[in-house]
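Here's the letter readout for the chains.
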Amino acid sequence: MNKPLVITVAILSLWTYGGNLHAQQSARANKQVKIPSSGKSEWVYPGKDGKLIYKTTPAGDRIMDFSHAGYMGGGVALPAVPVKYTVKPSGSNDDTEAIQAAINAVSAMPLQNGFRGAVLLLPGKFTCSGTLTMAANGVVLRGSGSDKGGTTIFMTGGRHVAFAIGMGRSNQLPGESAVPEASPLFGTASTTISDAYVPSGAVSFTVAAIKGFRVGDIIEIQRPVTEAWIRLMGMDNLVRDGKPQTWIGKSRTLIMQRKITAITGNKLYVDVPLADSYDAKYLTPPGTRVLKVKPAVRVTQSGVEDLRVQCPPLESSYGNAPYSGIRVAGNDCWVKNVFFEETMNTTVFAGNRITMQQVVIKHTYPNLGASKPADFSFEGSQNLVDRCESTGGNTYFVWTSSLIAGPNVVLNSTFRGYGSRLQPHQRWATALLVDNCTLLEGGIDFLNRGVAGSGHGWTMGWGVAWNNIAKTYIIQNPPGAVNWAIGNIGERLQTARLFDTGPVLADGNYDSHGIPVAPQSLYLAQLAERLGVQALKNIGYASNSQSVFHNKHIQLLPPLRKETDPVLGEDLALHRPVSASNIRGTTKSFLGERALDGDPKTYWATNDNVTSATLELDMENPVEINAVALSEVKELGQRIQEYKVEGQVDSDWKLLAQGTSIGEHKMDRFPKTTVWKVKVTLLKANAFIALKKVGLYLEKAPK
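Because the structure is a prediction, the values reported are computed rather than measured.

### Side note on the overall build of the protein
When you go through the protein residue by residue, the secondary structure sums to six helices and 53 strands. Computed over C-alpha atoms, the radius of gyration of the protein comes to 26 Å, within 12% of the 27 Å expected from 2.2 N^0.38 for 703 residues, which places it in the range of a compact globule. Principal-axis analysis of the C-alpha atoms gives the protein an extent of 75 × 65 × 55 Å. Here the protein holds 703 residues, and the buried ones make up 59% of them. By sequence separation, contacts in the protein at least 24 residues apart represent 74% of the contacts at least 6 residues apart. With an accessible surface of roughly 27,100 Å², the protein has 52% of that area assigned to carbon and sulfur atoms. Mean positive and mean negative side-chain charge positions of the protein (71 and 58 charges, respectively) differ by 3 Å.

Set out below in structure tokens:
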């Protein structure tokens, strides 16, 4: 018999969620988090002189200095760029051309101290059917406020992103030829790291040859993906549905760009600590290369600020959603005080040293389907999400893309919504700090996603969750790396890698769980230590104290409705993300979700003449079940003539139940099984399929 894969670890916390009491009765009454007095971390803490003291692993790894994340490398105030052009709403069906013409006019102006100027959009509604693009340095698009009395960009037309800073992957300016992400300076400097081990968080390393390197050079440190490293990480045995899955191709590399600040003998010192370790045993051949490079040409010193973006509320999967928010493919850029309403996959950090400050994202409907979009997507390095908010169900609030090296930081932000989480997503990113964030209905995960997706595997190394409040945490240590959870409030979970029965993976480094630690914010403490307290004021923080973190006192969302069968118990399928192979027509009335909403008046239906279909439920965590209930629509009569129900166990499908008819109500029992997903396959019907209910249960044995 399979054992549950999720193990609740007892914690000392004052936290309550959805009626599950972990606090005093008063906390249940007002549904707020109570924060205990501060504890102390063994990994980072202030010494007697106020300076931070860091503990290292036996190999010398440490929590890195994350303060280099953000605009201009952190601690620099976002600029107030003078207005050079003003645009008022036209009242026409499309303002895209008029706004873009203003942006282009400012883009043609000369640079003055790194800036050309701002385009100011006056209060009112601007209708836009296309992307507004800033393709030159030093150009800002500014509205007259993000509230409803300010500036609103109303998105219409075909599928597009509202704003783009930069011109695609190479980010070339108009008239220039494409430039790769970084160009080696051939004939000058290329070498390899000669240290047997370079710890994560280090600021220096030894190379085999120093010839050609100079202080001030930009270098690429290229960490190869080798067969030995893949085996160490346990990523050489990924199989899904009987098919091998590839975690990371062996031709790929994890690349970090750094600037040389000093050279002593054959030792190079760099400006930003290393966001990964380098162990020669697992990285040879070919070894870790160090190249002097010419960075790609990117748009710089551009931003979008003080406006609202709105599109119609769509009940849709993110793959079909027509509108996204902003893609920033520049360096040293910003997005400030922007409200995105109903956009999907809203923001993308495709460049470096970007700050998104006071960005708010709101979804009226939860994302449909088992695949989730991302509200804040890290695809670059040294980026900062600060005092941002996101509200929506069935989404990733924050994720990281493949082979992304930090530091990246999520600071003082609030994320609301059931079935949503903050989770590095795929194929090894490093050095993400989640600092003083609140996710009362969601989770923070640094984990092994196994064969999820197409083999996402280990998602994060050297990540830190610091003084957060969340419903749950899954923090795991990859082989050869560490993840930390320090001073957090919420429920600790353990699990096997996703879709596997076992083994249950060991915890990462939990420290002072249930009791927040000092300093209040790790990022702000590191920033003040590196640049002084003025750096905090530059980015809008009067101090590094609990008083500036107002998101610690928010209310829980109303709980999701539960449904309990008097015999079978709670319906575990209710509100689960689901993917349906066919939906009747274009209306949302017959979505697959309609079979899981508990409403007897709604149902999932296929198009005419479609007499076979599948409905796949994502349980999101391993769940024990031993019964399934199916119901057709009574008014349409019995149509289904053959069906089967399967559960995903150990990354493959196991038959749970099957039959030749369903009718108004059909219930099948089977041995208790722990599943990650459940698939209902309707193999044969005499007319289009209409299924009113899919219920999953763990029926308890009679006492």
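### Digging into the pairing of strand E22 (residues 289-295)
Successive residues of a regular strand alternate their side chains across the two faces of the sheet. Judged from the three bridges that link them, strand E13 (residues 190-192) and E22 form a sheet pairing that is antiparallel. Each bridged residue has a counterpart across the sheet, and for threonine 192 the counterpart in E22 is arginine 289. As defined by bridge partners, strand E16 (residues 218-224) adjoins E22 across four bridges and the pair is classed as antiparallel. Counterpart to glutamate 220 in the pairing with E22 is leucine 291.

### Some words on unusual backbone geometry
Omega for the peptide link from proline 285 to proline 286 comes to 10°, which places this bond in the cis form. Secondary-structure assignment places proline 286 in the loop between helix H4 (280-283) and E22. The residue after alanine 518, namely proline 519, is reached through a cis peptide bond having omega 0°. For proline 519, the position within the fold is in the loop between strand E44 (517-518) and helix H5 (522-531). Backbone geometry at glutamate 342 places phi at a positive 85°, although glycine is not the residue there. Turning to its location among the elements, glutamate 342 is positioned in the loop between strand E25 (334-341) and strand E26 (347-349). We classify glutamate 342 as buried; its relative accessible area is 11%.

### Remarks on empty space enclosed by the protein
Considering all chains together, one arrives at four cavities of 30 Å³ or more under this definition. Taken as a whole, the largest cavity spans an internal volume of roughly 80 Å³. Cys311, Leu314, Ala321, Pro322, Tyr323, Glu342, Met344, His363 and Tyr365 together form the lining of the largest cavity. Grouping the constituent residues of the lining of the largest cavity by class yields seven nonpolar, one polar and one charged. As a volume, the second largest cavity reaches approximately 60 Å³. For the lining of the second largest cavity, the secondary-structure elements that each account for two or more residues are strand E27 (355-357) and strand E30 (383-386).

### Some remarks on the packing of aromatic side chains
Counted under the stated rule, the structure contains twelve aromatic pairs. With a centroid separation of 4.9 Å and an interplanar angle of 20°, the aromatic rings of phenylalanine 349 and phenylalanine 378 are classed as stacked. Linking phenylalanine 349 in strand E26 with phenylalanine 378 in strand E29 (residues 374-378), this pair joins segments that are 29 residues apart in sequence. The burial state of phenylalanine 349 is the same as that of phenylalanine 378; both residues are buried. Through pairs of rings, three or more aromatic residues link up here, namely Trp43, Trp462 and Trp484.

### What to know about H5
Residues that lie three or four places apart on an α-helix share one face, since the helix turns once every 3.6 residues. Within the span of H5, buried status applies to Leu522, Tyr523, Leu524, Ala525, Gln526 and Leu527. Two to three positions downstream of the cap, the backbone nitrogen of tyrosine 523 sits 3.4 Å from a side-chain oxygen, assigning the N-cap of H5 to serine 521. Directly after H5, the chain includes glycine 532, whose backbone phi takes a positive value near 95°.

### Side note on the nonpolar core
General note: in soluble globular proteins, nonpolar side chains tend to be found buried as a group. Grouped together as the largest cluster of nonpolar side chains are 72 residues, with contacts concentrated most on Ile63, Phe66, Phe205, Ile219, Trp247, Trp428 and Tyr523. Considering each element in turn, this core owes the most residues, five residues, to H5. Core analysis: the next-biggest nonpolar cluster, separate from the first, contains 60 residues, Phe163, Val338, Val398 and Ile444 among them.

### Topic: the pairing of strand E10 (residues 151-155)
Of all five residues in E10, four are buried, a share of seventy percent or more. Where strand E7 (residues 124-128) meets E10, five bridges bridge the pair, whose relative direction is parallel. If you follow glycine 124 over to E10, its bridge partner there is threonine 151. Here E10 pairs with strand E23 (residues 303-310) via three bridges, running parallel. The residue bridging isoleucine 153 from the neighbouring strand is valine 309, located in E23.

About the cut-offs
- Residue numbers run consecutively from 1 along every chain, following the written order of its sequence.
- With pLDDT at 70 or above as the cut-off, local features in this predicted model cover only qualifying residues; side-chain atom pairs require 80 or more to be listed or tallied, and sums for whole chains, interfaces and linings still use all residues.
- Hydrogens and water molecules were not included; the side-chain quantities draw on all heavy atoms of the structure.
- The way it works is that DSSP assigns letters per residue, a run of H or I at least four long becomes a helix, a run of E at least two long becomes a strand, and they are numbered from the N terminus.
- Radius of gyration: C-alpha atoms only; globule rule: 2.2 Å multiplied by the number of residues to the exponent 0.38.
- Throughout this description, buried means an accessible area under 20% of the type-specific maximum (1.4 Å probe, protein chains only), exposed means over 50%, and partly exposed covers the range between.
- Here a residue-residue contact requires only that any non-hydrogen atoms of the pair lie within 4.5 Å.
- The Shrake-Rupley method, run with a 1.4 Å probe sphere, supplies the accessible areas, and residue values consider only the shown protein chains as cover.
- For the purpose of charge, His is not counted, nor are the chain termini; Lys and Arg are scored as positive and Asp and Glu as negative.
- Charged groups are reduced to one reference atom each: NZ for lysine, CZ for arginine, CG for aspartic acid, CD for glutamic acid.
- At least two bridges found by DSSP between two strands is the condition for calling them paired.
- In this analysis, the protein atoms alone were mapped onto a 1 Å grid. Cavities are point sets where a 1.4 Å probe fits without being able to get out; pockets are open sets with protein on both sides within 12 Å along at least five of seven lines; lining residues have an atom within 4 Å of a point.
- Grid points are joined across faces, edges and corners, and a volume is the space filled by probe spheres set on the points.
- Charged means Asp, Glu, Lys or Arg here, nonpolar means Ala, Val, Leu, Ile, Met, Phe, Trp, Tyr, Cys or Pro, and polar covers whatever is left, Gly included.
- Note on aromatic contacts: the rings of Phe and Tyr and the six-membered ring of Trp form a pair at centre separations within 6.5 Å, being stacked when their planes are under 30 degrees apart, edge-to-face when over 60 apart, and tilted otherwise.
- Polar contact is defined as a pair of N or O atoms within 3.5 Å, subject to the rule that within protein one atom must be able to donate a hydrogen and the other to accept it, and that residues adjacent in sequence are counted only when both atoms are side-chain atoms.
- We call a set of buried residues a nonpolar core when its members are Ala, Val, Leu, Ile, Met, Phe, Trp, Tyr or Cys and they connect through side-chain atoms within 4.5 Å of each other.

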